[in-house]
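Overview (structure and organization)
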Amino acid sequence: MSVFTAAADQSVCAPLPVLGRDVTVPLVTGGEVTYAALDYAASAPALQRVWDDVAAYAPYYGSVHRGAGYLSQLSTDLFEDARKAVAEFLDCRDGDQLVFTRSTTDSLNLLARAIPADCQVYVFETEHHASLLPWQDAQVTYLNAPRTPRQAVETLERALADRDPYGPALVCVTGASNVTGELWPVRELAAAAHAHGARIVLDAAQLAPHHPVSVRDLDVDWVAFSGHKLYAPFGSGVLAGRADWLQAAEPYLAGGGASRKVTRREDGGVDVEWHETAARHEAGSPNVIGAYAIASACKALTEAGWDGLVARERHLIEKVRTGLADVPEVRVLSLFGDDAPRVGVISFVVEGWNSSHFAAALSAEYGIGVRDGLFCAHPLVRTLLGSDPQTQGECGAPEAAPGEKSLNAIRVSFGAGTPDEHVDRFVRAVRELVTDGARWKYRTEDGRCVPAV
């Protein structure tokens, strides 16, 4: 069945079928309602197409690369075909290497282990912790949050101009913010990095589910993303890009699969010859189903058509932003301003509300799942809230009672599987909570705001 509707705007596609779209949840006020999953930035629901593909393969599951049996051979072909499919999805260059990992975090930690010992790393404070923290063993320069895309490029250019031009350097940057949803000037940042002899890695965890990502066109050296944000099940990720640093580095994990030849020495020790392919960093039995699921999601998004998917998301973004703008007590967080292009990720605070209390009320009284806290991007959220970037805080809700001010925000996020009704219900719920207040009593339990019973 076609995913395109017969609506007046033919460029906007219908929501893609996802798991859980018919799940109902209880309300504290009585009755049940279909769950509105608006926390895609944390984990998107799996596409039904992906789940069906995984279920069809499951009876043929087998260990890869070293088995002579039919199922092992079949699984090996499927695993390597998945690698090719994801590389095609990312428009990788000839000679690029694609490693299957556990997540974006795992991918960036792998790359951090592979950079040269004297490498200088440049990271904006606006990054998610997955791309902010892995470089602590390197020479790291943390760059202040820019307020325009142009300022981001200028900030990077100034920092790179001051470095030792003869040593290796790496820039790490997000494609789309997990807090504001704003798109970053990746192509321009890549050009600035390369002009100063540096390389660049793109954290595409929030970009790849919403827009096509071309390694070749963006001219990035590496890209990392997670399956669970790309409508695939948990436990799989990708690092793709230039092979030289990966081939020169010690394996991320030592073990079977990474080693090509192991021999005993006369002195009793062991000599190891490591693979130079992606297998070098894929020791152990790989997550074949996870790799297959990512490849299935890549194919499903491509076949659905990016033009229609992007158009539909812009339609939903406009609904949310227009609805929130009609509530004066709501302040949407932004680095680059209202006109900045963005994906379906919007964070905000509500005057007079503890953010955890507001999120709890959305869930308990309306069946809407959003996220509250600092979104594993503490320096960025503190900057956006106008607080000291060094202020202590937690990734979840702090110990603050309902109604008290808290150092956190609320995030609503959506994507290819989100129906209009979920967004409409969210906007209506925000307006009703601000106007009429919560209909239930709440209390703080283990740092979270929960309905009082």
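Keep in mind the model is a prediction, meaning the values are calculated, not measured.

A look at the nonpolar core
Membership of the largest hydrophobic core comes to 87 residues, with the highest contact counts inside it found for V86, L90, L156, L202, F225 and V238. Of the residues forming this core, the biggest block, ten residues, is contributed by helix 9 (residues 288-304). Sequence-distant contacts of F225, defined by excluding residues within four places in its chain, comprise V86, L90, S103, T104, A204, A205, A208, L230, G237, V238 and I294. Counting residues in hydrophobic clusters, the runner-up holds 33 residues, among them V330, I368, F414 and C449.

Considering the sheet that holds strand 13 (residues 330-332)
Sheet strands pair via backbone hydrogen bonds, and the direction of the pair is either parallel or antiparallel. An order of 13-14-17-16 is seen for the four strands of this open sheet, with the pairing classed as antiparallel. Single-partner strands in this sheet number two, and they are strand 13 and strand 16 (371-373). If you compare each strand with its neighbour and ignore which way they point, the axes differ by 30° on average. Examined bridge by bridge, strand 16 and strand 17 (residues 409-413) share three bridges and lie antiparallel to one another. Among the inter-strand pairings, G373 is bridged to a residue of strand 17, identified as A409. In this fold helix 10 (residues 306-325) packs onto strand 13, strand 14 (345-350) and strand 17, with an angle of close to 10° to the strand it touches most, strand 14.

Observations regarding the side chain of Q120
Considering the arrangement of structural elements, one finds Q120 in strand 5 (residues 120-124). Assessed through its relative accessible area of 14%, Q120 is described here as buried. Within the structure, Q120 has its side chain in polar contact with the side chain of Y122 (distance 3.2 Å). Look past the residues within four positions of Q120 in its chain and what remains in contact with it is Q139, R163, D164, P168, A169 and L170.

Observations concerning the packing of helix 5 (residues 149-161) against helix 6 (residues 186-195)
Interaxial distance between helix 5 and helix 6 falls to 9 Å at its minimum, and their mutual angle equals 15°. Comparing the axis directions of helix 5 and helix 6 gives the class roughly parallel. Crossing of helix 5 against helix 6: the hand is right-handed. Along its contact with helix 5, which presents A152, V153, L156, E157 and L160, the element helix 6 presents E188, L189, A192 and A193. Its residues assigned to classes, the contact of helix 5 with helix 6 shows seven nonpolar, no polar and two charged.

Concerning unusual backbone geometry
Not every positive phi belongs to a glycine, and H65 is a case in point at roughly 75°. Tracing the backbone shows H65 in the loop between helix 1 (48-57) and helix 2 (70-89). A positive phi angle is found at Y231, which is not glycine, with a value near 70°. Topologically, Y231 is positioned in the loop between strand 9 (222-226) and strand 10 (237-241). On the accessibility criterion, Y231 (1% relative accessible area) is buried.

Let's talk about the pairing of strand 19 (residues 448-451)
By the bridge criterion, four bridges tie strand 18 (residues 442-445) to strand 19 in an arrangement that is antiparallel. In the sheet register, Y442 faces strand 19, and the bridge partner there is P451. In sequence, strand 18 turns back onto strand 19 through a hairpin of two residues, with D446 there showing a positive phi of about 55°.

Considerations on the sheet that holds strand 6 (residues 139-143)
Strand order in the open sheet formed by seven strands is 4-10-9-8-7-5-6, with mixed pairing between adjacent strands. The open sheet has two edge strands with one neighbour each: strand 4 (97-101) and strand 6. Adjacent strand axes in the sheet meet at a mean angle of 20° when their direction is disregarded. Strand direction decides the pairing type here: strand 9 and strand 10, joined by five bridges, are antiparallel. Counted as the bridge partner of A224 is L239 from strand 10. Sitting on the sheet, helix 3 (residues 104-114) touches strand 4, strand 7 (169-174), strand 8 (199-203), strand 9 and strand 10, and the angle it makes with strand 9 is about 150°. Across the sheet, helix 5 lies against strand 5, strand 6 and strand 7, angled at about 160° from strand 5, the strand it touches most.

The rules behind the values
- Residues numbered from 1 in each chain as written.
- Predicted model: local features only at pLDDT ≥ 70, side-chain atom pairs only at ≥ 80, totals over all residues.
- Heavy atoms only, no water.
- Core = buried A, V, L, I, M, F, W, Y, C linked by side-chain atoms within 4.5 Å.
- Buried < 20%, exposed > 50% of the residue type's maximum accessible area, 1.4 Å probe, protein only.
- Helix = DSSP H or I, 4+ residues; strand = E, 2+ residues; numbered from the N terminus.
- Contact = heavy atoms within 4.5 Å.
- Pairing = 2+ DSSP bridges.
- Axes fitted to C-alpha atoms, helices over the stretch in contact; angles between N-to-C directions.
- Polar contact = N/O pair within 3.5 Å; in protein donor to acceptor, adjacent residues only side chain to side chain.
- Parallel < 35°, antiparallel > 145°, perpendicular 65-115°, else oblique.
- Left-handed = near helix turned anticlockwise from the far one by under 90°.
- Nonpolar A, V, L, I, M, F, W, Y, C, P; charged D, E, K, R; others polar.

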